[in-house]
Amino acid sequence: MPNNDQQIIHRISEIIAQTPNAQQGLQQAVCCLVENAGAGAGAIFVIRPQDDRIVLYAAHGVPATLAAKLPLELSSDTGNDIIRNGRAVNDRKKHLPPELVGVFAHLANGFHSLLLLPLVVGGRPIGSLALAREADRPFPQRVLNSIEAVVPPLAFFILNALLADKQHYSANAGNTTATAELTQDVILKGKAITKGVSCGYVQKLVGVEKILQPKNHPDSVTPEGIAAEKRLFADALRVAREDSINTAKQFGDVLAEADSAIFAMHTMLLDDPTLKQHITAYLDKGFLLTDALGRALRDFSAQYQKIDDPYLRERLSDIKDVMLRLKNAADNLRGSLEAAPADAPKLADRRRIILVARELLPSQLVSVPLKQICGILCEEGGATSHTAILARALQIPMLVGVPGIMLKARSGDCVIMDCGSDSCFLRATTALLRRFAGPIRIFRNSRQNLSDTVPPESALATADGVPVQLMGNITLLSEVVSMHHYGIRDIGLYRTEFMFMIRNAMPSEDDQFNIFSRMLKAAAGATVTIRLLDAGGDKPLPYFKTDHEDNPALGWRGLRFLLSNPEIMAPHLRAILRASALGDVHILVPMVADLYDLAEIKQALQVAAAELRQRGDKIGDYRLGMMIEVPSALYGLDRLLPEVDFVSIGTNDLVQFLFAVDRANARVSKWFRQCHPIVLRALQDICRQVHAYKGKTVTLCGELAGSRRALPLLLGAGLRQLSMTPHQAPVLRPLVNQLSIPDCEKLFARAILCETEMDVMKLIDEAGMIKSPS
Ligand code: PEP
Ligand code: MG
C-alpha cells in the first residue's frame, strides 16, 4: 500500500535524522524494515568506497556475537560480486547462488529464504539490503512491492548518513591505512547561497570585532596627540573613500548593478556625519584611532542587535566593512599593516583558496585575488548579505550558517564544498577528492571559461526532432554572462526584486531603466522576460515599512503589493516600457489571481504608456504574460488566457499553494511534491489550453524546470520552453536530444495515473529514460 510505504519512509528518515550515529540509525531502520516485511532478520551491506570491499554495516535479528562485531568487513568470497553489481535475489536457501551462502550464513541460521535488493544512487550500487525469513519460500510479491518502494529513498538516506558519519569507513577488519586516511573527513552542513562543487585550501579571516577589539583605557595622550589622531582619521577617511570608489570601478564590469549599490553604500557611509561624530567623540576622550573605531563599532553593534528586521540587522555588516577599511587605511598611513592574518604568508602560494570566516565582509572578499577564491564558508550571514550577493554575481560557491566552522577548520586544510547538498568536507582525503574530481573539474572549467559572447541560436530538439527551448532564470545583470556561457540566449525570468532589495532606497525610474537597458544590451537581441517587482512576503523592501503579517506568503506581496503602491509601481512600469524600445521585452506579471488583477495591471500599463508618450519617450512592442502560480489562475485560465500573450508556470509557488505547504520550511519539505500526479495534470491542462491559441506560449520557470529526472514528464505534459538556473542547461541539453516525445507522452500517461509522487518517481526510474551522468 503506497500510504504504508510512505509511512515507512518517513519513519526511517526520522529515525536516521534523530540518531546521532549513522550506524545506530541504520540499525533501527533495518529493525523497522524487518518488522514491516514480516522477516526474521535483516542487514545493510555497503560498498566501501576506498577499496570497493563489502562491509556488513547494520543488522537486526542476527546472533549477538555478530551484532557486536559490526561494522564488519566481509571476506572476499561472500557475495561481493552480487552486491557490487547491484543484483536482486529473492529465493529459497537451497536455490541461492553459491557466493551468497556466506552472506546468508552471517544472518540466517535457522532462516530458509533470502531477499537481497540493491541500494542504488545515481545509477551506481552503493550496497544491498538483505532480509531473511524462516518460511521456506521466496518473499511474496506484496512484501516485495512494499520494500522496493522504500529502497530508492533508503539508498539516499544511507549515502547521506554514511557521509555524515565517518564510522562508515572504519569496519573492524578494515584496511587500517585507508581507514586512517579517510577518518579525517569532517562534514559540516550549511545553507548554500550559490551552487557549485569546489575544492581549495582554508584561509581563515579574523573577524572585524577581533581586529578592532578596543583596549580598556584611553592612552594618555596630549592635546597634540589627539590632534594627530584626528588628522590620521581625516586622512584615513579620504583613503578609505578613494579605496571604496576604486573597488566599485574595479568590479563595475563584473558586478554590474550590485557594484554601485554595495560599494556606493560604503562610500556613503564614509560620508555619514553620525559615524564621524561618534568616532571623533572617542578620539576627543584620548583613544587612539583603532580603539575609537572599535568602540564605535561596539556601540553600533549593540544598537543594531535590537532591530527586529533581519534585513536591516544585516546592514551592520556594512558598518563593519567601513570600519575595517578605515583601520586598514590608518595602518597603511602609519606604515604598519598588522591586520594581515597570521597564516597569510604560508598560504600566499596556494592557488585555490576557500575563505572561512564568522562573517565575511565585501571588502575582505575583494581584498583576495578573485581568481584564487574557490569558495566561501561562513558561520553567519544570510541570502541578502552583500557578500552573498557578490558571491552569486561572481559565481563563487558559498555556504552560510555553517556551525563552528571557525573552530573546526584549520588554516591550510583541504576542503571540498558541495553546495548542491549544502555540505562541506574539511580535511578532505584522497579518496573523497577522487570521488568529487569530476564535478569539481566541470565546475572549475565552467567558471574559467566565462566569456561575454552571446551563444549562437542553437536549435535544440528531441530525438524525434521536436524543438525545445531552454531559457535562463536570473536575478543579477552579471548572471547574463554566465548564462551565455551555459549556452542560453533568452532570459525566461528576470526576477527584478533583487535590484530593489540590495539598495538602501527605492531605485528611481532612471536607475531602473539603466539596469534594464544594460540587461537588454547584454542580451544582444535575445528575449528578456522582465517580471514585475515580486516584493513583499519573504522579500521585504528594507526601506518600506510594513506591518507584521501572520501569513506573508498569502499577504501583501507580488502584484497586490504593486497595485496598492502606485508610487512604486508607476516608475517601475515606465522604466520597463522605456526599455521595451531597446529589445525583445516580455513583461511578466506575478501572482495574478483573476481577471480583475489582470485588468488592473493592464490599466496601470496604459497609464504609464500615456505618460511616456506625453514626455516623448519611445515604447516598443512588448509581449504581456502572467505567472500561473496561484491556484485560482489555474482554474480560471480559460478566462485569463485571451488577455495575455504568454504564461509562465511558477511551480515554486503553485505547489506551495496547491498542497498548502510552505516552500521555505524545511520541516515540511517532504510534503512539497513537485512531481505529484496532481501537479502533472495541472501542467498538461495548462499546455493544452495554451496550445489551443495560435501564437500564445507557455514556459515553466519554477525550480522543477531544471530537474533532469522530471524532464521526460515535462515534455510529456506538452512543455517545450523551460526556464531554469543557467548552470542546469548543459545537463538537460543532451537529455533532450536523447528523448522522444511519443516515449515521454507514454510515460506521462502512466504517471498521471499514479497515486503518489513516490510512485511517479519509481516509474521514472524504472523507465530508465534518464541515464545517470557519466
Ligand atoms: C515560482 O513561484 O515558481 C517562481 C518562479 O517565482 P519565485 O520563485 O520567484 O516566487
Ligand atoms: Mg513565485
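Bear in mind that the values here come from a model prediction, so they are computed numbers and not experimental data. (Residues numbered from 1 in each chain as written. Chains lettered and ligands numbered in written order. Predicted model: local features only at pLDDT ≥ 70, side-chain atom pairs only at ≥ 80, totals over all residues. Heavy atoms only, no water.)

A.B. asks: Help me understand the overall build of the protein chain, please; the structure alone is not making it clear to me.
C.D. replies: A tally of regular secondary structure across the protein chain gives 33 helices and 22 strands. Looking at the protein chain residue by residue over its 774 residues, the buried ones come to 55%. Partitioning the intrachain contacts of the protein chain with sequence separation of at least 6 by distance along the chain shows that 69% fall at a separation of at least 24. (Helix = DSSP H or I, 4+ residues; strand = E, 2+ residues; numbered from the N terminus. Buried < 20%, exposed > 50% of the residue type's maximum accessible area, 1.4 Å probe, protein only. Contact = heavy atoms within 4.5 Å.)

A.B. asks: Teacher, can you tell me more about the pattern of salt bridges here?
C.D. replies: Proximity of charged atoms lets side chains of opposite charge pair with each other. Summed over all chains, the structure comprises 29 salt bridges. The closest approach of N and O atoms between Arg557 and Asp653, which form a salt bridge, is 3.1 Å. With Arg557 in the loop between strand E17 (527–531) and helix H23 (558–563) and Asp653 in helix H28 (residues 651–658), this pair connects stretches of sequence that are 96 residues apart. Its relative accessible area of 3% is what places Asp653 among the buried residues. Each of the salt bridges in this network shares a partner with another, and the network as a whole consists of Glu509, Asp510, Arg574, Arg578, Glu611, Arg615 and Asp617. (Salt bridge = Lys/Arg side-chain N within 4 Å of Asp/Glu carboxyl O.)

A.B. asks: Sorry if this is basic, but what is going on with helix H14 (residues 316–334) here?
C.D. replies: What sets the pattern is the α-helix's 3.6 residues per turn: residues three or four places apart point alike. A rise of 1.5 Å per residue sets the reference length of H14, with its 19 residues, at 27 Å; its end C-alpha atoms lie 27 Å apart and thus fit the reference within 8%. Of all 19 residues in H14, 15 are buried; the element is thus mostly enclosed. (Expected span 1.5 Å × (residues − 1).)

A.B. asks: Mind showing me how you'd approach the side chain of His586 here?
C.D. replies: Relative to the helices and strands, His586 is located in strand E18 (residues 584–589). Those residues within four positions of His586 in sequence are excluded, and the remaining contacts are Thr527, Val528, Thr529, Ile530, Arg623 and Phe646.

A.B. asks: Any chance you could explain the sheet that holds strand E13 (residues 414–418) here in plain terms?
C.D. replies: Remark on secondary structure: sheet strands pair via backbone hydrogen bonds, oriented parallel or antiparallel. Here eight strands make up an open sheet; going across it, the order is E7-E14-E13-E9-E10-E11-E12-E8 and the pairing mixed. With one partner strand each, in any of the chains shown, strand E7 (186–189) and strand E8 (191–194) form the two edges of the open sheet. Adjacent strand axes in the sheet meet at a mean angle of 30°, parallel and antiparallel pairs treated alike. Relative to E13, strand E9 (residues 197–204) is paired through five bridges, and the arrangement is antiparallel. What sits directly across from Ser198, in E13, is Met417. (Pairing = 2+ DSSP bridges. Axes fitted to C-alpha atoms, helices over the stretch in contact; angles between N-to-C directions.)

A.B. asks: I keep staring at the coordination of the magnesium ion (ligand 2) and nothing clicks. Help me out?
C.D. replies: Geometry reference: four tetrahedral donors at a metal, ideal angle 109.5 degrees. Six octahedral donors, ideal angles 90 or 180 degrees. Within the first shell, the magnesium ion (ligand 2) binds the protein through Glu629 (OE) and Asp653 (OD), at distances of 2.0 to 2.2 Å. Residue Glu629 is located in the loop between strand E19 (623–628) and helix H26 (631–635), and its partner Asp653 is located in helix H28; the two are separated by 24 residues in the primary sequence. Considered together, Glu629 and Asp653 belong to a single accessibility category, that of buried residues. (Donors = N, O, S within 2.8 Å, 3.2 Å for Na, K, Ca; no water.)

A.B. asks: Before we go on, may I ask you to explain the packing of helix H32 (residues 741–751) against helix H33 (residues 757–767) in this structure?
C.D. replies: Two measures define how a pair of helices packs: the angle their axes make with one another and the distance between the axes. The N-to-C vectors of H32 and H33 enclose an angle of 150°; their axes lie 10 Å apart at closest approach. Classified by the angle their axes make, H32 and H33 are roughly antiparallel. In this structure, H32 crosses over H33, and the sense of that crossing is right-handed. Taken together, the residues of H33 that come into contact with H32 (itself represented by Leu747, Arg750 and Ala751) are Val760, Leu763 and Ala767. Residue composition of the contact of H32 with H33, by class: five nonpolar, no polar and one charged. (Parallel < 35°, antiparallel > 145°, perpendicular 65-115°, else oblique. Left-handed = near helix turned anticlockwise from the far one by under 90°. Nonpolar A, V, L, I, M, F, W, Y, C, P; charged D, E, K, R; others polar.)

A.B. asks: So what exactly am I meant to see when it comes to unusual backbone geometry here?
C.D. replies: The phi torsion of most residues other than glycine is negative, and most of the peptide bonds are trans. In this model, Arg427 sits at a positive phi of 50°, which is unusual for a non-glycine residue. With respect to the helices and strands, the residue Arg427 is situated in the loop between strand E14 (423–426) and helix H19 (430–448). The phi angle at Ala660 is positive, at roughly 50°, despite the residue not being glycine. By the secondary structure assignment, Ala660 is in the loop between H28 and helix H29 (677–691).

A.B. asks: Can you help me understand the packing of aromatic side chains in this one?
C.D. replies: What describes a pair of aromatic rings is the distance from one ring centre to the other and the angle between the planes of the rings. Scanning the model with the defined rule gives six aromatic pairs in all. Considering the side-chain rings of Tyr282 and Phe287, the 5.8 Å spacing of their centres and the 80° angle between planes classify their relative orientation as edge-to-face. Accessibility assignment for this pair places Tyr282 and Phe287 in one class, buried. Between Trp556 and Phe561, the ring centres sit 5.3 Å apart and the planes meet at 70°, which makes this aromatic pair edge-to-face. Three or more aromatic residues joined by ring pairs make a cluster, and in this case those are Phe544, Trp556 and Phe561. Just above the ring of Phe513 sits the side chain of Arg578; from NZ or CZ to the centre is 4.1 Å. For Lys696, the ring lying beneath its charged end belongs to Tyr693, and the centroid distance is 4.9 Å. (Phe/Tyr/Trp six-rings, centres within 6.5 Å; stacked < 30°, edge-to-face > 60°. Lys NZ or Arg CZ within 6 Å of the ring centre and 35° of its normal.)

A.B. asks: Whenever I open this one, the side chain of Asn565 confuses me. Can you help?
C.D. replies: Along the polypeptide, Asn565 turns up in the loop between H23 and helix H24 (566–579). Of the residues examined, Asn565 reaches a relative accessible area of 5% and is grouped as buried. A polar side-chain atom of Asn565 sits 2.8 Å from the main-chain carbonyl oxygen of Phe561. (Polar contact = N/O pair within 3.5 Å; in protein donor to acceptor, adjacent residues only side chain to side chain.)

A.B. asks: Before we go on, may I ask you to explain the site of ligand 1 in this structure?
C.D. replies: Among the 13 residues in the neighbourhood of ligand 1, the closest are listed as Arg495, Arg531, Gly650, Asn652 and Arg663. At the level of elements, strand E16 (491–495) and H28 are the ones that each hand at least two residues to the shell around ligand 1. Per-element accounting of the shell around ligand 1 gives the leading share, three residues, to H28. A breakdown of the residues in the shell around ligand 1 according to their chemical character gives three nonpolar, four polar and six charged. (Near = heavy atom within 4 Å.)

A.B. asks: How do you make sense of the pairing of strand E1 (residues 41–47) when you look at a structure like this?
C.D. replies: Taken across its seven residues, E1 has seven buried, putting it largely inside the fold. The two faces of E1 match: Ala41, Ala43, Phe45 and Ile47 on one face and Gly42, Ile44 and Val46 on the other face are all buried. Both E1 and strand E2 (residues 54–60) contribute to a ladder of six bridges, which runs antiparallel. Bridging from a neighbouring strand, Ala43 pairs with Ala59 of E2.

A.B. asks: Sorry, what's going on with the environment of Val592 here?
C.D. replies: The topology assignment puts Val592 in the loop between E18 and helix H25 (595–615). Setting aside residues no more than four positions away along its own chain, Val592 makes contact with Leu559, Asp597, Leu598, Met626, Met627, Val630, Ala633 and Leu640.

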